Amino acid sequence: MEKNNIEKEINFFNGKTNLQEDNKIILVTGGAGFIGSNFIRHLINKYPNFKVINFDKLTYSGNLNNLTTLEDNNNYVFVKGNVSDPKDVKTTFEQFNPDFVVHFAAESHVDKSIINPNIFLETNVLGTQIMLNYSREYKVQKFVQISTDEVYGSIQENCNVGEEGSLAPNNPYAASKASADLLLRVAYQTYGQRVNIVRACNNFGPYQFPEKFIPIIITNALQNKEIPVYGNGINVREWIHVEDHCRAIDTIMQDGKSGEIYNVGTGNKWRNIDLVEHILQKLDLKNDLISYVLDRQGHDIRYSVDSSKIRKQLNWEPQIDFETGLEQVISWYKNHLDWIEEINSGEYAAYFKEIYKPRMMDTD
Ligand SMILES: NC(=O)c1ccc[n+]([C@@H]2O[C@H](COP(=O)([O-])OP(=O)(O)OC[C@H]3O[C@@H](n4cnc5c(N)ncnc54)[C@H](O)[C@@H]3O)[C@@H](O)[C@H]2O)c1
């Protein structure tokens, strides 16, 4: 973003943070979801003086079982609330007066957005604006928006997109996230709010909801169920372990220059079909569980970010090697069959059927 707010920035915030020593209150939205719950654990483990407020509506993908280990921790508070309801948000700001806001809460599933885009606008766009409004009113020191590499759309072979790349979303989810990013730009340019935008590639790790690609592969394979693969499976995705993403968010929250966007990537890219076969091989299973399904509408072929900015400017590097991370995640799902069972027996089972059954192709 342009830097015409330097003066406001200096007035608003006095130098670099030193969070390790401070008593800070961090408001995390969407903390009952996959990345949010991992981020809360990261904060609580790393900063014993912090108070972390988890503000979450508990939609189908929010799961407090992701945070049972923190239930008795005095530094952790859960508040059930909706980011698109100003009353809920205001009450929470009044009660806790947070120093930092890290905004994960979102409708996050692309297929769902194609079926019902409206809720994506309500949560991801209006909800972000409401969070920004109260962050301004309560003089939050920094608002960190958890965006995604999907806002750039499909990236050509042999290219990586940098932070200056155009916004070219191709599905309602990505469009809602790109719209929210523009609202962050406005918060910085018009109101001088201190903000950062984080655009990471695909995450994997423990507590990821079974609707997402790697959990579907592992959990279906463990239950001997078909593994749906879109189209011909040649779409390419870049993968990061969620803990590396959480460390990147923490680094950006502390040291990111206000108004800046940071891509977060690993360079570890896989064609979907190759990754399915790789995981099946790790589980000693055959490829006959793979079931090709009709392709997603507007399915982006390739994502690939240039993450040199965060590496050079903020000294962040991913630490978890993909194979090690994958093995850890496979064991995690093997050891959390109850967690999977609880999800699969509820609302999610009907949802999975609705999304994937009409796409099943006859592969004979
Ligand atoms: N998963 C990925 O690979 C990935 C990659 C890059 C960026 N992101 C972004 O990271 C964020 C978190 O993704 P995730 O995979 O953890 O998603 P998730 O679906 O697991 O979690 C979303 C959380 O937001 C909560 N939520 C939804 N609507 C809400 C509302 N109106 N008010 C309050 N809470 C609400 C849900 O209950 C849930 O706990 C999203 O903003 C997503 O766009 C995800």
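Look a little higher up for the structure.
For the structure given in this document, a descriptive report is provided here. Computed from a prediction, not measured in an experiment: that's the story for all the values here.

Overview of the overall build of the protein chain
Working step 1: When helices and strands are counted, the protein chain shows 13 helices and 12 strands.
Working step 2: Taken across its 364 residues, the protein chain has 43% of its residues classed as buried.
Working step 3: Counting only contacts in the protein chain whose residues sit at least 6 apart along the sequence, the fraction spanning at least 24 positions is 83%.

Looking at the site of the ligand
Working step 1: If you check the shell around the ligand, you find 30 residues, and the closest are Gly30, Gly33, Ser61, Gly62 and Ala106.
Working step 2: Counting residues per element, the shell around the ligand draws most heavily on helix α2 (residues 34–46), at 3 residues.
Working step 3: In terms of residue class, the shell around the ligand is built from 11 nonpolar, 15 polar and 4 charged.

Some details on unusual backbone geometry
Working step 1: One non-glycine residue with positive phi stands out, namely Leu58, at about 55°.
Working step 2: Residue position: Leu58 is located in the loop between β2 (51–56) and β3 (76–80).
Working step 3: Backbone geometry places Asp284, a non-glycine residue, at a positive phi of 60°.
Working step 4: One can find Asp284 in the loop between α9 (272–282) and β12 (290–293).

Description of helix α11 (residues 322–335)
Working step 1: Taking 1.5 Å as the rise per residue, α11 with 14 residues should run 20 Å; its terminal C-alpha atoms sit 20 Å apart, in good agreement.
Working step 2: Every buried residue of α11 is accounted for by Gly325, Leu326, Val329 and Tyr333. Projection of α11 onto a plane perpendicular to its axis shows the buried side chains occupying an angular sector of 100°, all on one side. In α11, the exposed positions that point more than 90 degrees away from the buried face belong to Glu323, Thr324, Glu327, Ser331 and Asn335.
Working step 3: Looking at the buried side of α11, the elements it contacts are β7 (202–204), α7 (213–222), β9 (236–241), α9 and α12 (337–344).

A word on the packing of helix α3 (residues 86–96) against helix α5 (residues 118–137)
Working step 1: Between α3 and α5, whose axes approach to 10 Å, the crossing angle comes to 30°. By the criterion of interaxial angle, the relationship of α3 to α5 is roughly parallel. For the element pair α3 and α5, the recorded crossing hand is right-handed. For the pair formed by α3 and α5, the contact residues are Pro86, Val89, Lys90 and Phe93 on the first element and Ile130, Met131 and Tyr134 on the second.
Working step 2: In terms of residue class, the contact of α3 with α5 is built from 6 nonpolar, no polar and 1 charged.

Details of the pairing of strand β1 (residues 25–29)
Working step 1: Among the 5 residues that make up β1, 4 are buried, leaving the element largely enclosed by the rest of the structure.
Working step 2: Summarising the sheet, β1 and β2 pair through 5 bridges and their orientation is parallel. Its bridge partner being in β2, Ile25 is matched across the sheet by Lys51.
Working step 3: A crossover links β1 with its parallel partner β2, the connecting element being α2, and its sense is right-handed.
Working step 4: As defined by bridge partners, β1 adjoins strand β4 (residues 100–103) across 4 bridges and the pair is classed as parallel. Pairing of Leu27 across the sheet is with Val101, part of β4.

Examining the sheet that holds β7
Working step 1: In spatial order, the strands read β7-β9-β11; together these 3 strands make up an open sheet with mixed pairing. Where the open sheet ends on each side, the last strands, each with one partner, are β7 and β11 (269–271). Averaged over all pairs of adjacent strands, the angle between strand axes in this sheet comes to 45°, irrespective of strand direction.
Working step 2: Two strands pair when backbone bridges link them, and β9 and β11 are joined in this way by 3 bridges, in the antiparallel orientation. Within β11, the residue paired with Val236 across the bridge is Arg271.
Working step 3: Contacts from α9 reach β9 and β11, with the element oriented near 90° to β11.

A closer look at the packing of α7 against α9
Working step 1: In the contact formed by α7 and α9, the axes pass within 10 Å of each other and the chain directions differ by 35°. Of the two elements, α7 crosses α9, and the hand of that crossing is right-handed. Two secondary-structure elements touch here, α7 through Phe213, Ile217, Ile218 and Ala221 and α9 through Asn272, Val276, Ile279 and Leu280.
Working step 2: Of the residues that constitute the contact of α7 with α9, the class distribution is 7 nonpolar, 1 polar and no charged.

Points about the nonpolar core
Working step 1: In terms of nonpolar packing, the biggest core is built from 81 residues, with Val28, Val102, Val198 and Ile249 touching the most fellow members.
Working step 2: Those residues in contact with Ile249 that lie beyond four places of it in its chain are Phe39, Val102, Val144, Ile146 and Val198.

What counts as what
Residues numbered from 1 in each chain as written. Predicted model: local features only at pLDDT ≥ 70, side-chain atom pairs only at ≥ 80, totals over all residues. Helix = DSSP H or I, 4+ residues; strand = E, 2+ residues; numbered from the N terminus. Buried ≥ 20, exposed ≤ 12 C-beta atoms within 10 Å, placed from the backbone. Contact = placed C-beta atoms within 7 Å. Near = placed C-beta within 6 Å. Nonpolar A, V, L, I, M, F, W, Y, C, P; charged D, E, K, R; others polar. Expected span 1.5 Å × (residues − 1). Arc of directions from axis to C-beta. Axes fitted to C-alpha atoms, helices over the stretch in contact; angles between N-to-C directions. Parallel < 35°, antiparallel > 145°, perpendicular 65-115°, else oblique. Left-handed = near helix turned anticlockwise from the far one by under 90°. Pairing = 2+ DSSP bridges. Right-handed = clockwise from strand over helix to strand, strands pointing away. Core = buried A, V, L, I, M, F, W, Y, C linked by C-beta atoms within 7 Å.

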